[in-house]
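# Examination of the molecular architecture
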Amino acid sequence: MQKGPIHEEFALKQTAPKIVGSGVMIGGDKVTVAYDLVEQMEYLYVRVVKAKELTKDVTGSCDPYVEVRVGNYKGITKHFEKKSNPEWNYVFAFSQDRLQASYIEVCVKDKDVVLDDMIGRVVFDLVDVPRRVPPDSSLAPQWYRLEDKRGEKLKKGEIMLAVWRGTQADEAFCDAWHSDAAAVGSEGISRIRGKVYLSPRLWYIRVNVIECQDLLPSEKNRQPECCVKVMCGNQVLKTKISSIKSSNPMWNEDLVFVVAEPFEEPLVITVEDKVGSNFEFLGKCVLPLSIVPRRLDNKPVPSKWHNLEKHTVVEGEKKETKFASKIHMRLSLDGGYHVLDESIHYSSDFKPTSKLLWKSSIGLLELGIISATGLSAMKSKDGRGTTDAFCVAKYGPKWVRTRTIIDSLSPQWNEQYTWEVHDPCTVITVGVFDNGYLQGGKCTSIGKVRIRLSTLETEKVYTHSYPLIVLHPSGVKKMGEVQLAVRFSCMSYVNMLSKYTQPLFPKMHYVHPMSISQQDFLRFQTIQILSTRLGRAEPPLEKEVVEYMLDVGLHMWSVRRAKANFFRLIYVVSPILAIGKWFDQICHWKNPLTTILIHILFVILVLYPELIVPTFFLYLFFIGIWHYRLKPRHPPHMDIHISHTHGVLPDDLDEEFDTFPTSRGSDKVRMRYDRLRSIGGRIQTVIGDLATQGERFHSLLSWRDPRASALFVTFCLFAAIVMYVTPFQLVALLIGIYVLRHPRFRHKVPSMSTNFFKRLPARADCML
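Residues numbered from 1 in each chain as written. Predicted model: local features only at pLDDT ≥ 70, side-chain atom pairs only at ≥ 80, totals over all residues. Heavy atoms only, no water.

Once that is clear, we can look at the UniProt feature "domain: C2" (unreviewed entry) in the protein. According to UniProt, the feature "domain: C2" (unreviewed entry) maps to residues 25-144, 186-306 and 340-466 in the numbering used here. Secondary structure across residues 340-466 divides into 0% helix and 48% strand, with the first and last C-alpha atoms of the span separated by 27 Å. (UniProt positions renumbered as here; feature names shortened; annotations may be inferred. Helix = DSSP H or I, 4+ residues; strand = E, 2+ residues; numbered from the N terminus.)

This part covers the sheet that holds strand β1 (residues 13-14). In spatial order, the strands read β1-β31-β32-β23-β28; together these five strands make up an open sheet with antiparallel pairing. Both outer strands of the open sheet, β1 and β28 (412-421), are each paired with one neighbouring strand and no more. (Pairing = 2+ DSSP bridges.)

Once that is clear, we can look at the packing of aromatic side chains. All chains considered together, the criterion is met by 20 aromatic pairs. Pairing Tyr500 with Phe756 gives two aromatic rings, centres 6.2 Å apart and planes at 50 degrees, and the pair type is tilted. Within this pair, whereas Tyr500 is found in the loop between α3 (493-499) and α4 (508-511), its partner Phe756 is found in helix α14 (residues 752-758), the two being separated by 256 residues in sequence. Accessibility expressed as a relative area gives 13% for Phe756, which makes it buried. (Phe/Tyr/Trp six-rings, centres within 6.5 Å; stacked < 30°, edge-to-face > 60°. Buried < 20%, exposed > 50% of the residue type's maximum accessible area, 1.4 Å probe, protein only.)

Moving on, we get to the pattern of salt bridges. Overall, the coordinates contain 43 salt bridges when judged by the stated rule. The partner of Glu542 in a salt bridge is Arg191, and the shortest N-O contact between them spans 3.6 Å. Here the residue Glu542 occupies a position in the loop between α5 (516-534) and α6 (543-549), and Arg191 occupies one in the loop between β10 (177-178) and β11 (195-198), the gap between them amounting to 351 residues. The salt bridge involving Asp434 is made with Lys379; its shortest N-O contact spans 3.5 Å. Remark: Lys379 occurs in strand β24 (residues 379-381) and Asp434 occurs in strand β29 (residues 427-434); sequence separation between them is 55 residues. For Lys379, a relative accessible area of 18% translates into the label buried. (Salt bridge = Lys/Arg side-chain N within 4 Å of Asp/Glu carboxyl O.)

What follows concerns the confidence of the model for the protein. Overall, the predicted model of the protein reaches an average pLDDT of 85, with 93% of residues at or above 70. Mean pLDDT values over the elements of the protein span from 48, in strand β20 (residues 311-314), up to 95, in strand β26 (residues 389-395). Here residues 1-6 scores under 50 on pLDDT; set against residues more than four positions off or in separate chains, the count is two contacts. Taken together, the stretch residues 312-316 has pLDDT below 50 and engages in five contacts with residues farther than four places along the chain or on a different chain. (pLDDT = per-residue confidence, 0-100. Contact = heavy atoms within 4.5 Å.)

A full pass over the atoms with the stated rule returns four cavities of 30 Å³ or more. Roughly 80 Å³ of internal volume is contained in the largest cavity. Around the largest cavity, the lining residues are Thr455, Glu457, Lys460, Tyr462, Lys631, Pro632, Arg633, His634, Trp703, Arg704 and Pro706. Forming the boundary of the second largest cavity are Cys174, Ala176, His178, Asp180, Ile189, Ile192, Arg193, Gly194, Arg403 and Thr404. (1 Å grid on protein atoms, 1.4 Å probe; cavity = no way out; pocket = protein on both sides within 12 Å on 5 of 7 lines; lining within 4 Å. Points joined across faces, edges and corners; volume = space filled by probe spheres on them.)

Spelled out as structure tokens, the structure:
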């Protein structure tokens, strides 16, 4: 009884915005064609460049600023102290649908303690304002003589201005001071502007610690038990204690770190000797990353010997010893890997670090962030709830941030962005946030949406309103809806289809793979580096925004998520149980006609065994064609039933939102509880991976990825034809020889069938 309304509330809704790309609007000028995934918004732009020969008081100096007023809306520049020739270079944008005036007034005023005096003004009639359509060149500002209140020209005082009409396609839109943000001061205006960010290029640096020579422990008669500690910024890793207890220990261990360009932190290598429960310093080596060689494949780089510096303190002064021990290492910046910053299940990029290994793009992804409706109030203002909302979209190394709409629960952004696509089996993530920095707080997440590109048909515009679903300690809650328009364009269909037969990750991931624990450690460090670097931009992309977009803490144990993965697994194996029930019905003659047909088919296949395989492929072909009419017509979205949030218990939510380490109970209970959550997190991941593999089998014929299903159905047809005309014994012989082939003829890179299978979509995208 309750499932229907709940499902309807959290369902994806088809929308019909007034955009050219959806076919609702016909025609349009250059602007609507260029920005065809968002609704066209008209703006009145006023560029205030500078002024000259301004005088007001007896001394001839003034503290000038400019006030631009259109009806009830106004914009104010910052003021300069005692400057008669100020330069502002401000752009104000007034939304056309809010204008209730017939003229624009640009006033130059003198800042005063009591009352600001007007130096002069310029008035424009809105009818005379020209319209600019990009890609036309920007309108050249002109000098205008200031007038007094009676409209008479002043003897001195001019201001350089440019006034025009345009849309959000104008270059000045991003840096403009919008009329709806008039309450934001000049110090906070940079915090609400929309920007495009690029993640720094990330490298894996591999430190292969081989051996040391001539180490000098403090006790000469004792054989040292040494290990090597390597530090790179905040990352610290240690080798095991050498099994060779001597002054020439050996390790031959690999330590891998993440670094970002431009390189800022050096490598600090320290050799330590374990004395009892403590470690004694034996030498240190500091190496800048700029001297580390870069490699693109698995060929080893030359190893080198480095001196270990050891300083001793004598009477408060550092004294360097003349004799230096040495350490033998092999260092390399591995550009053949893709540095993971997102979860593998919904990653937006698989390209290697080195651009020399990149292949040409296969298509274009266009995203129109139109609006949001029904957003939850995230804070209070003047006794009422309000939200200062902005969106962040991430695909590959490119992050985009829309402008912040001040004090609105139904903001309209109408901003369009574009990304190059190198792999169709990737996911774009769009998050909605409340800008808390204007009140001195932090940004709060409202919800996010994931869209897998392989589930989109090419050249088709998808316009939907996505529910923003968030799990709170009190249960699942809808925080509003965000309206998006998405289009995936393909340059070469053949190149895109060929991607399904290629490895998902670069070759180095298979030739020289990393352990699961290494991947988890490196991904955690990668997120920390990205948070720091993007937080240094202007305006900064806050740490809480980056971590929410990259799903930090998703691997932690959750009873709810474990239940969800279990039921996903049950859903995957349910067809096998259904086949068993169907066969049981055949054996018990529940449907006599079907049983007789099965007997006839069984006799034919026994007499002619060469028909078994082609009949199987032909059956899959017809099943795939039959399921085409049931293929999904919209992208996948967050599903509360798949996430198992509709039946979660309060105690389960209390555990999921508990801190780690836990804050419940005594120290002993906390230790056991944390251990249980850690083990449970791994079990949960394994169950999820098993469910993902089974869901990929389902997607072969479900047309969730229309291109993959088309490839598989076509393969089934050709396989059936080939099997019909080729003797079964020959096919069986070839398959057996291929399976038993010599290792010399095997490749470390996965086969085409494996690559195709790993690229198939699963339902992990739809989980909270």
